[in-house]
Amino acid sequence: MWPTGRIIAAFCLLKFSTAYPYFRDKIPNGHIVANPCDKSEIWFGVGHMQRYGNGELDVFGHDFQKLGMEWTKALCRMDSDGDGFTNGEELGDPNCDWVPGGSPLHSQGITHPGVCTYSTGHACAKPGFDLKCDGFQCAAKAGTKELEIMFSETDVPQQPKTYKCQAFALPIGKDYHLAAVTPNISNINHVHHMTCQIELRHTNAPHECTIGDRASCSDPLLVWTIGDLGVCFSNEQAAWRLGKTGYKYVMIETLYYNENLESGVFDASGLTLHYTESLRPNDLGAFYVGQVSLVYIPPGKRSFEVSGVCKGYCIGGELMEEEITIIGGQTQMRHRGKSGKIYIGRTDKTTDVIVEDDDYHYDDPKIHMFETPKTLEYGESLGVNCTYDTTGEYKTVLFGNDVNVNEMCSGYIYYYPKDGLNGYACVVVNNIDSCEMRKDTIAGCEWRNLYNESHPDTMKAMNNVTTKCVVGKCLPECQSVAEYYSKHPCYSGELRDYQLLYAMPSMQDVEMNARQLDFWLRLLSCDSCKENGNSAAMFHHVSGFILLVLACFFYCLACNNASIAVSLSYYVFI
């Protein structure tokens, strides 16, 4: 379901991500590479600048990638980190004879091939990048209370990817601000990332997540960037409010990777919340902006863009109680997302890009927190732009809810004061934003009259279409009717998409909804796009509509209205 009203956000709020552990099987002694900061510890993410992996590659990681992510003699003989030892010497394969599954020549004194180290294994004076040997540093954490929220022990299923969720209650005796978060990971080999979302309830044990789990969540709470040691809320002006008048529940969603389909694997990872009674001047808020039209993305495209803009009179006017300060944000797409950005349209006609993902990956989302906050002022707009790569697709990709099949284009901003905006979201249908949707007239059409079946104009349209058009065939007498309404502001363009996507699905009168569906199916049987030979556009409208019919079909079944469901099934399967 696309967001409406008070946005329900299935969103990454706190994230911890590790490297793909099976890559360690592709290098000798990959599971026992010492941490140059402390030789008693393991550096899990060999090839990455973060100890737990993922994120930015180090010099060895770049060499490994360039050579096909395989242990070759060429990679073995290189000295990636320039410390005077070949990669093979550091990893116990000085003669470059090792093959995956075999035993290295030796497994003692294994040092890091991507970090300049002495023969002792300790880091050089200039190891090549910040190793963060001092651990998690966060002044805001001092003097805080701690709450561990940990998964009850749960099995990791024998499948490549599994999402599991568990919700937890927060302390509610007083109001608190969240100062920091640190991870507690018990299974570094299978936990890929965790998200933490504001919840409305408590659950007793982890379970495989569903759309319903995410639908019960609301505002984003926080983010822990990939591979980092924790997240510190150092902004002295604002933080997330928990407790008595704040958030009372959170849900952890964990993605498990089990590429080798191992059995007997368990996990009990979680997070530690560091919170304080010393409140800052403001509470943080989250605001969603997204394009939710009946968008289709053609297959075989290396680059296809979609945008959505919440206009200045809306977010910078009707929704704005006072100017807001933005401290971070995140773009949201799915598996075909290639790049994305969130931008402010300034009143001087310039564009200020505030969030930009040049290399987007669905399984590795990034939250951007700004060193220098941005201000959104009265009259300014907020937009999102998404670019997709469908070169691996053989059929059109539609916007929708299925993570594996559909796409989306949206983003969040984090801002203060929370009460600076009187809404939680601005969704956009093509160029019609949330504020326009609340008006009686859109693009010259008094659209609410369309659902007043006794209104003269509505009666005339219904009569013209139902007497001259049938479902599935373009009758000669229907062509002129379809041509007329293809230019009518109430039945064409953006307003047509808005009606199909929002107005009709939100109807409480199921029988009226069925009549509206019948009307549109008849009218679309002679879509003017077909006359113009624009088969792609025709496919866009019809496919989007068939999906809507299916949704209404199941809705009718859920309402036990079998007769209407049967009628709808005729339209779906003709």
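Residues numbered from 1 in each chain as written. Predicted model: local features only at pLDDT ≥ 70, side-chain atom pairs only at ≥ 80, totals over all residues. Heavy atoms only, no water.

Structural notes on the overall build of the chain
Here is step 1: Across its full length, the chain holds 13 helices and 27 strands.
Here is step 2: The 574 residues of the chain split such that 54% are buried. (Helix = DSSP H or I, 4+ residues; strand = E, 2+ residues; numbered from the N terminus. Buried < 20%, exposed > 50% of the residue type's maximum accessible area, 1.4 Å probe, protein only.)

Concerning the sheet that holds strand 26 (residues 425–429)
Here is step 1: With respect to topology, six strands assemble into an open sheet ordered 22-19-25-16-26-27, the strand pairing being mixed. The open sheet has two free edges, formed respectively by strand 22 (368–376) and strand 27 (432–433), since each of these has just one partner strand.
Here is step 2: Of the strand pairs in this sheet, strand 16 (residues 285–291) and strand 25 (residues 409–416) are connected by seven bridges, and their pairing is antiparallel. Pairing of tyrosine 288 across the sheet is with tyrosine 412, part of strand 25. (Pairing = 2+ DSSP bridges.)

Some remarks on helix 10 (residues 510–524)
Here is step 1: A rise of 1.5 Å per residue sets the reference length of helix 10, with its 15 residues, at 21 Å; its end C-alpha atoms lie 21 Å apart and thus fit the reference within 8%.
Here is step 2: Extensive coverage of helix 10 is indicated by the burial of 13 of its 15 residues. (Expected span 1.5 Å × (residues − 1).)

Structural notes on the sheet that holds strand 21 (residues 351–357)
Here is step 1: Strand order in the open sheet made by the four strands is 18-23-20-21, with antiparallel pairing throughout. Two strands lie at the open edges of the sheet, namely strand 18 (304–310) and strand 21, each paired on one side alone. Shown here is a sheet whose adjacent strand axes are inclined to one another by a mean of 20°, direction ignored. (Axes fitted to C-alpha atoms, helices over the stretch in contact; angles between N-to-C directions.)

Some words on the packing of aromatic side chains
Here is step 1: Here the structure, examined in full by the defined rule, presents 13 aromatic pairs.
Here is step 2: When the ring of tryptophan 240 is compared with that of tyrosine 247, the centres are 6.4 Å apart and the planes differ by 45°; the resulting orientation is tilted.
Here is step 3: By relative accessible area, tryptophan 240 is classed as buried at 1%.
Here is step 4: When its relative accessible area of 9% is taken as the criterion, tyrosine 247 is described as buried. (Phe/Tyr/Trp six-rings, centres within 6.5 Å; stacked < 30°, edge-to-face > 60°.)

Some remarks on the environment of proline 476
Here is step 1: Positionally, proline 476 belongs in helix 8 (residues 476–485).
Here is step 2: For the pair proline 476 and cysteine 526, spaced 50 residues apart in sequence, the C-alpha separation works out to 9.2 Å.

Focus on the nonpolar core
Here is step 1: Formed by 61 residues in total, the largest nonpolar core has its most connected members in Leu178, Trp240, Trp447, Tyr491, Tyr498 and Phe519.
Here is step 2: Counting 32 residues, the second-largest nonpolar core is a separate cluster that includes Leu319, Met320, Val355 and Phe370. (Core = buried A, V, L, I, M, F, W, Y, C linked by side-chain atoms within 4.5 Å.)

Re the environment of lysine 26
Here is step 1: By secondary structure assignment, the location of lysine 26 is in the segment before strand 1 (34–35).
Here is step 2: Leave out the neighbours within four places in its chain, and lysine 26 touches Phe64, Met69, Glu70, Trp71 and Trp98.
Here is step 3: At a separation of 3.4 Å, a polar atom in the side chain of lysine 26 contacts the side chain of glutamate 70. (Contact = heavy atoms within 4.5 Å. Polar contact = N/O pair within 3.5 Å; in protein donor to acceptor, adjacent residues only side chain to side chain.)

Here's the deal with the pairing of strand 6 (residues 175–184)
Here is step 1: With eight of ten residues buried, strand 6 is to be regarded as a mostly interior element.
Here is step 2: Where strand 6 and strand 11 (residues 241–243) come together, three bridges link them in antiparallel fashion. Considered in strand 11, the bridge of histidine 177 is made with arginine 241.
Here is step 3: Pairing of strand 6 with strand 9 (residues 231–232) involves two bridges; the strand directions are antiparallel. Opposite alanine 180, over in strand 9, you have cysteine 232 as the bridge partner.

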